[in-house]
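One letter stands for each residue in the lines below.
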Amino acid sequence: MKKILIAFGTRPEVIKLAPVIQELKDHMDVTVLHTGQHEGLVDPMLSLFAIQPDINLGIMKPNQDLFELSQSLLPKLKKVLEEVKPDFVMVQGDTTTSYLTALSAFYQKIPVLHVEAGLRSHNPYYPFPEEMNRRQITHLARFHFAPTELNKQNLLKEGITEKSISVTGNTVIDALNRITNSKVFSESAPDILTEINDSQKLIVLTAHRRENHGKPLENVFRAVKRLLASNEDLTVIFPAHPNPNVLAAVEQVEMPDNRFIQTEPFDYLSFLHILKRADIILTDSGGIQEEASALGKPVLVLRNETERQELIESGLGYLVGTDEDAIVKQTNAMLASNSRPDASSVYGKGDAAEIIREVIVNQL
């Protein structure tokens, strides 16, 4: 069997690579590498998808910046690749783990396979550093698994050959379908939903991106505070990212205790239940935009640009940035509307991992 090393370090990477790992394990010699970039958030995902990393580099440190992360991770990756000697290295998306792993593999002339290739906001500093990470990975990678036709066109415009691109759909839809159709999901509704009456409107809020730290995040929370004050039937669930900058913004705005439910990050099963119950989702996350489309949930994207333009074009998503008035205006308009969009297959039907496996096993 050919050997493949599959690397991740964050919660979204685990969710999106789990279906691929499951597809490949009977066809290749798979080594799973966890860098530990987000240790605590990743562990529940590993348990849920029954993934046991073969290697854990454990690099997470409090308030670690990109320089420290790079300095810590690159030598460890060099050692791992020299010991494992894989025929291929697979990375997903645009994290610093993915970029540095791809760079390390390139230095050792190991072919890099990029899952979720071709996403572009066309602003190198937004999202930061993800936009530049994924651009760099593109030119380090041997093969590109693009979720959509638009992603493929982005790659072609950057000089990537068509024969090295496969349009697959997004593997997050695979993970979503497998989980929501499982028995364990039907038995795992979180207790927090019992606190919300059927007559109440529910907004799910997630906000953590580095470029939104400080004033932009404070604007988001001020908007939510205004929405709660003007809509007595509204509840907001905010699973707070553990980053101190996020928590500082909440404290600065002094969010109300009434109907603003701040929690620890949910496990994936619970979070999917909450997304399914939501009327509107406010988020600066990328993956949640994709999951929302499959669930038919309208999304206000708390960013000035998005690399997921398909969501906007489908009518499920609206770019509102972090402008307080814009968030309040658009959210109130959606709360007043009784119409809700249908679920969209813009990110695929849930067979992306199977397509990736077929390409690797039969073509590469």
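Please refer to the structure placed before this passage.
Position labels on residues start from 1 in each chain and follow its written sequence. pLDDT decides what is reported in this predicted model: residues at 70 or higher carry local features, side-chain atom pairs at 80 or more are listed and counted, and totals for whole chains, interfaces and linings draw on all residues regardless. Neither water nor hydrogens contribute to the side-chain values; these are computed over all heavy atoms in the structure.

Enquirer: Explanation requested: the overall build of the chain in the structure shown.
Expert: In terms of regular secondary structure, the chain is built from 15 helices and 13 strands. Radius of gyration here uses only the C-alpha atoms, and the compact-globule reference equals 2.2 Å multiplied by the residue count raised to the power 0.38. In terms of overall size, the chain behaves like a compact globule, its C-alpha atoms giving a radius of gyration of 20 Å where 364 residues would be expected to give roughly 21 Å. For the chain, the C-alpha atoms occupy an extent of roughly 60 × 40 × 40 Å along the three principal directions. Out of the 364 residues belonging to the chain, those deemed buried represent 58%. Whether two residues touch is decided by their heavy atoms; if any such pair falls within 4.5 Å, the residues are in contact. At a minimum sequence separation of 6, the contacts of the chain that also span at least 24 residues come to 68%. As displayed, the chain has an accessible area near 15,500 Å², and 48% of this comes from carbon and sulfur atoms. By the counting rule applied here, Lys and Arg register as positive and Asp and Glu as negative, while His and the ends of each chain are not counted. Positions of charges follow a simple convention, taking NZ of Lys, CZ of Arg, CG of Asp or CD of Glu. Separation of charge centres in the chain, based on 37 positive and 48 negative side chains, amounts to 4 Å. Under the scheme used here, helices are H or I runs from DSSP no shorter than 4 residues and strands are E runs no shorter than 2 residues, and both carry numbers assigned from the N terminus. Each residue is assigned to one of three classes by its accessible area relative to the maximum for its type, calculated with a 1.4 Å probe on protein chains only: buried under 20%, partly exposed between the two thresholds, exposed over 50%. In these tables, accessible area is a Shrake-Rupley quantity obtained with a 1.4 Å probe, and a residue counts as shielded only by the protein chains included in the view.

Enquirer: I tried to follow the environment of P244 on my own but got confused; where do I start?
Expert: Within the secondary structure, P244 sits in helix 10 (residues 244-253). It is 9.8 Å that separates the C-alpha atoms of P244 and H208, two residues lying 36 residues apart in sequence.

Enquirer: Help me understand the environment of E305 in this model?
Expert: Within the secondary structure, E305 sits in the loop between strand 12 (299-301) and helix 13 (309-314). Note: C-alpha distance between E305 and S121 (184 residues apart in sequence) is 5.9 Å. With residues up to four places along the chain from it excluded, the contact list for E305 reads S121, N123, Y126 and L319. Engagement of the side chain of E305 in a polar contact is seen with the side chain of N123, the distance being 3.3 Å. Throughout this description, a polar contact denotes any pair of N or O atoms lying within 3.5 Å of each other; where both atoms belong to protein, one of them has to be capable of donating a hydrogen while the other can accept it, and for residues adjacent in sequence the pair is counted only when both atoms sit in side chains.

Enquirer: How should the packing of aromatic side chains be read in this particular structure?
Expert: Describing an aromatic ring pair means giving the distance of the ring centres and the angle of the ring planes. To pair, rings of Phe, Tyr and Trp, with the six-membered ring standing in for Trp, must have centres within 6.5 Å; the planes then decide the type, stacked if under 30 degrees apart, edge-to-face if over 60, and tilted in the middle. Following the criterion strictly, the structure yields six aromatic pairs and no others. Pairing F49 with Y268 gives two aromatic rings, centres 6.3 Å apart and planes at 40 degrees, and the pair type is tilted. In this pair, F49 sits in the loop between helix 2 (39-48) and strand 3 (55-56) while Y268 sits in helix 11 (residues 268-277), placing the two residues 219 residues apart along the sequence. Per residue, the accessibility class of F49 equals that of Y268, and both read buried. Counting every residue linked through ring pairs, the aromatic cluster contains F221, F238 and F260.

Enquirer: Whenever I open this one, the pairing of strand 2 (residues 29-34) confuses me. Can you help?
Expert: Looking along a regular strand, one sees side chains alternate from face to face of the sheet. In terms of burial, strand 2 is a largely internal element, five of the six residues being buried. DSSP bridges decide pairing: two strands pair if at least two such bridges lie between them. Looking at chain direction, strand 1 (residues 3-8) and strand 2 are connected through six bridges and run parallel. Residue pairing in the sheet places F8 in a bridge with H34 of strand 2. Crossovers are described as right-handed under a simple rule: with the strands pointing away from the observer, the path leading from the first strand over the helix to the second runs clockwise. Once you follow strand 1 into helix 1 (residues 11-24) and on to strand 2, the crossover reads as right-handed. Pairing of strand 2 with strand 3 involves two bridges; the strand directions are parallel. What sits directly across from L33, in strand 3, is I55.

Enquirer: How should I be thinking about the pattern of salt bridges in this particular structure?
Expert: Pairs may arise between side chains of opposite charge once their charged atoms sit close together. Salt bridges, as used here, are contacts in which a Lys or Arg side-chain nitrogen is within 4 Å of a carboxyl oxygen on Asp or Glu. Scanning the entire structure with this criterion turns up 20 salt bridges. Across the pair E307 and R303 runs a salt bridge whose closest N-O atoms are separated by 2.4 Å. R303 matches E307 in its accessibility class, with the two residues each being buried. For R308, the salt bridge is made with E307, and the minimal N-O distance between the two is 3.1 Å. Here R308 matches E307 in class, with each residue buried. Residues participating in the shared-partner salt-bridge network are K16, D94, E116, E131, R134, R135, E290, R303, E307 and R308.

Enquirer: Would you mind showing me how to read the sheet that holds strand 13 (residues 317-319) here?
Expert: Whenever strands of a sheet pair, they do so through backbone hydrogen bonds, lying parallel or antiparallel. Strand order in this open sheet of six strands is 10-9-8-11-12-13, and the pairing throughout is parallel. What marks the edges here is a single partner per strand, and that holds for strand 10 (260-263) and strand 13. Taking the axes of each pair of neighbouring strands and ignoring which way they run, one obtains an average angle of 20 degrees across the sheet. Where strand 9 (residues 234-239) meets strand 10, four bridges bridge the pair, whose relative direction is parallel. In the strand pairing of strand 10, P239 is matched with T263. All axes here are fitted lines through C-alpha atoms, helices being fitted over the stretch that makes contact, and every angle between N-to-C directions spans 0 to 180 degrees.

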